[in-house]
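What follows is each chain in one-letter form.
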Amino acid sequence: MTLSPAVTTLCENSNEVFLDAAKLLLTYADNIIRYPNEEKYRSIRIGNPTFSTKLLPVKGAVECLFEMGFEEAETHLVFPQSASVEQLKLIRESIAAERDLRMRGGCPVQPASQPVVATASAPESSAAASSPPAAPAAPSTQQPSSKESSMGLFVTLQSNFQHVLQYESLELQLKARSTIPHQELSAAAQHKLKELEEADPECKLGIEECLVLELLRWFKQDFFSWVDCLPCSRCGGPTKHGQGLSPTAEELRWEAQRVENHYCQSCRLSTRFPRYNNPEKLLETRRGRCGEWANCFTLCCRALGLEARYIWDSTDHVWTEIYSVSQHRWLHCDSCENVCDKPLLYEVGWGKKLAYVLAFSKDQVVDVTWRYSCKHPEVLSRRTRVQEAWLLHTINGLNAARQQSLSPDRKRELTERLLVELVEFISPKNPKSGELGGRNSGSLAWRMARGETRAADTKATTQAEAFVFIPTEEEKKAKLLHVHYSAPKDQYCRVSSSSEIIPNWDQCVWTKESVFRKVEDDWKMVYITRTEGSSVGKISWKFDFAPAGFKIGSVSIMASSHTFHSGKVCWSLQSGQITTEFSGDGRLQSFPSLSGSSELIVAAELSGGEGETSWQHSQLFRQGLNGQESSFEVIIQLQDL
């Protein structure tokens, strides 16, 4: 019998471990087969002591449940009605056959003869973290492969774990809160949540998600600014990085161990850029790169009462996670990119070769690498800096020391959360459309040097990413499709479908090539433009009515574009073999010639411009960050085919 990858991995365990796990797995499967209509047998609580102690730590066991058809659902694993019982039986029979063979004293399956899936190896180690050792770890307790390497990682663990305690200062939280328009953000979050609940009565989002989305938007658009090279402090001209400068006593007081030299070749003047690591100072300077952004943003999250933790990535990036009470899980938040809950962005979108991703909160360190990867075997092959047992033991020791003063209830809560995380880590993952693009923060040269541009900057949207507007049931009844996009809010509103809100400019795009959303913090403007270094940028939106049995009755479109110097923007409508050009002058225009068509593509091409900033000389949807008007609007009346 050819075994599946998960069953093969399960077979690698010792006889005793395998037989115990197999007994439970067969029980879960048999209950569903015998009682297919009993809901209680189709759900497994992740925090259940039997599951968390006898299955979760066993290599391959939870993967077998996923192969049977179970899916992750917040605090439970669920076997949905749509899952194939035949598939469940197939995996069950494989496990039963191996169990029977071992119980008769036969030779177990030899792992070497089967393909080995290593996705659970390191998460399995993490599972033991729910049972911390009695004493804190020291770096020499278990010898890693390299003493120097382990000491470096140990210092990173200790320093970050200590650093996050700064966010718990009530005085500092109060200072941060005084800089945040918290009442505005809270009101906007409440309004957003109400809209979502009205649109979907079964909405599982809570106030934390809505609040952090508002905080991300404000932090990126209004508060913090990105620094590549500062302008010359004398002439205002461009600078280049020179040899680093020594920090002053005052800079050291604010934890600036490193000072960059932004050197002006015209004035021969050095402009200092201290890389401050103190979040209180960052509330004043409000600028930097990802280190400063994540440091200050995590403090702002804590100041608004959000449970947050600081995320360190060994491939040179940092960000934040916030805990969603309503979803019982941690959400990825990157303030540099203004994105939330897109954890595969770095591996898939930016092309990062991840190895170690660690989360630090006031109570706990967690190895969260597996949340950010869908390529676990590749990641495991790169985790050679220290031995996994050493890393696990060290993290356990740090946690045990920090949690000594916690109440039993809090310790239990942390353990239950960790169990839910561990299941999430080894559950199958597929990238979403918002995780497929390259990095937006920083200059193109800087992003290219780091290898983080990826497809979003150079290639067209793939067919798998493309979005098509197809009438919803509500739009079918009304025979109307009405959608508009707001550049300042960076969201689409599908007016004709219960005013559904869809965030992010590229979420509803059919194709895009060499375009991105640019926010000018100094001028308080926002627009879509070409990526630096590109001669042409393209973007389009597609509407298809044939699947719903309709054709176009009438079309009205409003699009706005701005050009500077010799920049050009060409707007066009494509329907079948017909292409109609139109002006992006911000007026609502009608197109009677398109009546009777069953599909429509609205497209824009950006080109032209002069000099090094030519990419900015053709712009779509340019508006002030506080603008209220729609930037793009499409109204289509429908007729039966």
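Residues numbered from 1 in each chain as written. Predicted model: local features only at pLDDT ≥ 70, side-chain atom pairs only at ≥ 80, totals over all residues. Heavy atoms only, no water.

1. Examining the sheet that holds strand β5 (residues 240-245)
Two pairing modes exist for strands in a sheet, parallel and antiparallel, and in both the strands are linked by backbone hydrogen bonds.
In step 1: Taken in spatial order, the three strands line up as β5-β6-β7 in an open sheet, and their pairing is antiparallel. With one partner strand each, in any of the chains shown, β5 and β7 (269-274) form the two edges of the open sheet. Ignoring which end each strand starts from, the neighbouring axes of this sheet average 35° apart. (Pairing = 2+ DSSP bridges. Helix = DSSP H or I, 4+ residues; strand = E, 2+ residues; numbered from the N terminus. Axes fitted to C-alpha atoms, helices over the stretch in contact; angles between N-to-C directions.)

2. Considering the packing of aromatic side chains
In step 1: Summed over the entire model, instances satisfying the criterion amount to 29 aromatic pairs.
In step 2: Ring centres of F224 and W293 lie 5.3 Å apart, and the angle between their planes is 70°; on these two criteria the pair is classed as edge-to-face. In this pair, F224 sits in the loop between α10 (207-223) and β4 (225-226) while W293 sits in helix α13 (residues 290-303), placing the two residues 69 residues apart along the sequence. Considered together, F224 and W293 belong to a single accessibility category, that of buried residues.
In step 3: With centroids separated by 6.3 Å and ring planes inclined at 15°, the aromatic side chains of W541 and W571 adopt a geometry described as stacked. Of this pair, W541 sits in strand β22 (residues 537-544) while W571 is found in strand β24 (residues 568-575), placing the two residues 30 residues apart along the sequence.
In step 4: W541 sits in the buried class, given a relative accessible area of 0%.
In step 5: Chaining the aromatic ring pairs together yields one cluster made of Y485, Y492, W541, W571, F582, F591, F621 and F632.
In step 6: Looking at K281, its charged tip hangs above the ring of Y276, at a distance of 5.5 Å from the centre. (Phe/Tyr/Trp six-rings, centres within 6.5 Å; stacked < 30°, edge-to-face > 60°. Buried < 20%, exposed > 50% of the residue type's maximum accessible area, 1.4 Å probe, protein only. Lys NZ or Arg CZ within 6 Å of the ring centre and 35° of its normal.)

3. Quick notes on the side chain of K192
In step 1: Relative to the helices and strands, K192 is located in helix α9 (residues 182-199).
In step 2: Apart from residues lying up to four places away in sequence, K192 is in contact with C210, E214, Q491 and I501. (Contact = heavy atoms within 4.5 Å.)

4. Some words on unusual backbone geometry
Peptide bonds are, in most cases, trans, and in most cases residues other than glycine have a negative phi.
In step 1: For S499, which is not glycine, the phi dihedral falls at a positive 50°.
In step 2: As for its placement among the helices and strands, S499 is situated in the loop between β17 (491-494) and β18 (500-503).
In step 3: The partly exposed category is assigned to S499, whose relative accessible area is 37%.
In step 4: In the Ramachandran plot, N504 falls in the positive-phi region, its phi being about 80° despite a non-glycine side chain.

5. Some points on the environment of S590
In step 1: Position of S590 among the secondary structure elements: in strand β26 (residues 585-590).
In step 2: Setting aside residues no more than four positions away along its own chain, S590 makes contact with V555 and S556.
In step 3: Reaching out from S590, the side chain makes a polar contact with the side chain of S556 at a distance of 3.3 Å. (Polar contact = N/O pair within 3.5 Å; in protein donor to acceptor, adjacent residues only side chain to side chain.)

6. Examining helix α8 (residues 170-179)
In step 1: For α8, the set of buried residues is L172, Q173 and A176. Seen end-on, α8 carries its buried residues on one side only, within an arc spanning 100°. Residues of α8 that are exposed and angled more than 90 degrees away from the buried face: L170, E171, L174 and S178.
In step 2: Contact partners of the buried residues in α8: α12 (279-285) and α13. (Arc of directions from axis to C-beta.)

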